[in-house]
Amino acid sequence: TDIYFEVGRKGLTDEAKSILAAQADILKKNGDWGLLIQGYTDQQGSASYNKKLGLKRAETVKTELLNAGVEAAMLVQRIPFGREGVQKAVECLAAG
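Looking at the chain as a whole, its pLDDT mean stands at 82, while 78% of the residues score no less than 70. Model confidence for the chain, summarised as mean pLDDT per element, is weakest for helix α3 (residues 83–95) at 59 and strongest for helix α1 (residues 14–29) at 94.

Take the pattern of salt bridges next. Across all of its chains, the model carries one salt bridge by this definition. Across the salt bridge formed by D25 and K28, the nearest N and O atoms sit 3.7 Å from each other. Of this pair, D25 and K28 both sit in helix α1, three residues apart, which is roughly one turn of that helix. We classify D25 as partly exposed; its relative accessible area is 39%.

What follows covers helix α2 (residues 47–67). Helix length check: α2 (21 residues) gives 30 Å between terminal C-alpha atoms against 30 Å at 1.5 Å per residue, within 8%. Looking at the residues trailing α2, positive phi occurs at G69, about 100 degrees.

For α1, spanning 16 residues, the distance from its first C-alpha to its last is 23 Å, which sits close to the expected 22 Å at 1.5 Å a residue. Where α1 is concerned, the buried positions are A16, L20, A24 and L27. Along the axis of α1, the buried positions cluster into a sector of 75 degrees, meaning they face one direction only. Along α1, exposed side chains directed more than 90 degrees from the buried face belong to D14, E15 and K29.

With respect to the secondary-structure elements, L20 resides in helix α1. Put simply, L20 and T1 are 19 residues apart on the chain and 8.8 Å apart in space, counted from C-alpha to C-alpha. With residues up to four places along the chain from it excluded, the contact list for L20 reads I3, L12, V61, E64 and L65.

Calculation criteria
- Residues numbered from 1 in each chain as written.
- Predicted model: local features only at pLDDT ≥ 70, side-chain atom pairs only at ≥ 80, totals over all residues.
- Heavy atoms only, no water.
- pLDDT = per-residue confidence, 0-100.
- Helix = DSSP H or I, 4+ residues; strand = E, 2+ residues; numbered from the N terminus.
- Salt bridge = Lys/Arg side-chain N within 4 Å of Asp/Glu carboxyl O.
- Buried < 20%, exposed > 50% of the residue type's maximum accessible area, 1.4 Å probe, protein only.
- Expected span 1.5 Å × (residues − 1).
- Arc of directions from axis to C-beta.
- Contact = heavy atoms within 4.5 Å.

Below is the structure:
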């Protein structure tokens, strides 16, 4: 499920909070599932800025899910996406 943020922001909108609450309910009912959280940005700003922002966004989503009662073990990894993030995701998935 995609969660959208305002440009240059890491805070969740009310709509995003509602989506994450529904996702948390699904995860809590399926305790054997895992979730990979990926933080994306647009192409505005430098690669360094976008990497940091992507990680902050992923951390924001993680925190919201934990606050909703999702077990930390279900939240596999937070990956800021950009050129480096794609390679890291491939490595993470290959490692199992």
